[in-house]
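Next come the chains, spelled out residue by residue.
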Amino acid sequence: FCPPFCSPSFPPGSGKTTQVPQFVLEQAAAAGRACNVVVAQPRRISAMSVAERVASERGERLGDTVGYTIRLESKTSHRTRLLFCTTGILLKRLEDDSE
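Residues numbered from 1 in each chain as written. Predicted model: local features only at pLDDT ≥ 70, side-chain atom pairs only at ≥ 80, totals over all residues. Heavy atoms only, no water.

Asker: Can you walk me through the overall build of the protein chain in this structure?
Answerer: Each helix and strand in the protein chain was counted, giving 3 helices and 4 strands. Helices (α) and strands (β) of the protein chain occur, in sequence order from the N terminus, as α-β-α-β-β-β-α. Over its C-alpha trace the protein chain gives a radius of gyration of 13 Å, about what one expects of a compact globule, namely 13 Å for 99 residues. Overall, the C-alpha framework of the protein chain stretches about 35 × 30 × 30 Å when taken along its three principal axes. Relative to its full complement of 99 residues, the protein chain shows a buried share of 32%. By element, 54% of the accessible surface of the protein chain is carried by carbon and sulfur atoms, the whole surface being about 6,500 Å². The protein chain carries 13 positive and 10 negative side-chain charges, and their two centres are separated by 3 Å. (Helix = DSSP H or I, 4+ residues; strand = E, 2+ residues; numbered from the N terminus. Rg over C-alpha atoms; globule rule 2.2 N^0.38 Å. Buried < 20%, exposed > 50% of the residue type's maximum accessible area, 1.4 Å probe, protein only. Areas by Shrake-Rupley, 256 points an atom, 1.4 Å probe, with all protein chains shown as cover. Lys, Arg positive; Asp, Glu negative; His and termini not counted. Charge placed at Lys NZ, Arg CZ, Asp CG, Glu CD.)

Asker: Even after reading the chapter, I still don't get the pairing of strand 2 (residues 66–70), so can you show me in this structure?
Answerer: Walk down a regular strand and you will see the side chains alternate between the two sheet faces. Counting buried residues in strand 2 gives 5 out of 5 residues, a clear majority hidden from the surface. Here strand 2 shows a buried face lined by Val-66, Tyr-68 and Ile-70 and a second buried face lined by Gly-67 and Thr-69. Where strand 2 lies against strand 4 (residues 82–86), 4 bridges are found, and the strand directions are parallel. What sits directly across from Val-66, in strand 4, is Leu-82. Pairing geometry for strand 2 and strand 3 (residues 73–75), over 3 bridges, is antiparallel. Considered in strand 3, the bridge of Thr-69 is made with Ser-74. (Pairing = 2+ DSSP bridges.)

Asker: I keep staring at the nonpolar core and nothing clicks. Help me out?
Answerer: In summary, soluble globular proteins display a tendency toward joint burial of nonpolar side chains. Formed by 17 residues in total, the largest nonpolar core has its most connected members in Val-37, Val-54, Val-66, Tyr-68, Leu-82 and Phe-84. Contributions of two or more residues to this core are made by helix 1 (19–30), strand 1 (37–41), helix 2 (44–57), strand 2 and strand 4. By residue number, the principal contributor to this core is helix 2, which donates 6 residues. In this structure Val-54 touches Thr-18, Gln-22, Val-66, Leu-82 and Phe-84, once residues within four positions along its chain are discounted. (Core = buried A, V, L, I, M, F, W, Y, C linked by side-chain atoms within 4.5 Å. Contact = heavy atoms within 4.5 Å.)

Here's what the structure looks like:
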């Protein structure tokens, strides 16, 4: 279970940013499938703080499975599967992938 693109529409506070990405990642792992989840955030500080929170919830160091990329700063590794980034970074990645 790893859709190529997903934009859930649920009420505020329902876990769209923190819980749904983890669920998708865990379901893919349970099925033995590789999956990268990218979550766009409107501001740099929200991308950083949500990534820190999710890594903490998972009991991991930031930059391992969970990381973030914002303009001029990235806390990721080759093991990062759940990436929080700004909308601008996401658009750049999509643009680069289309080439």
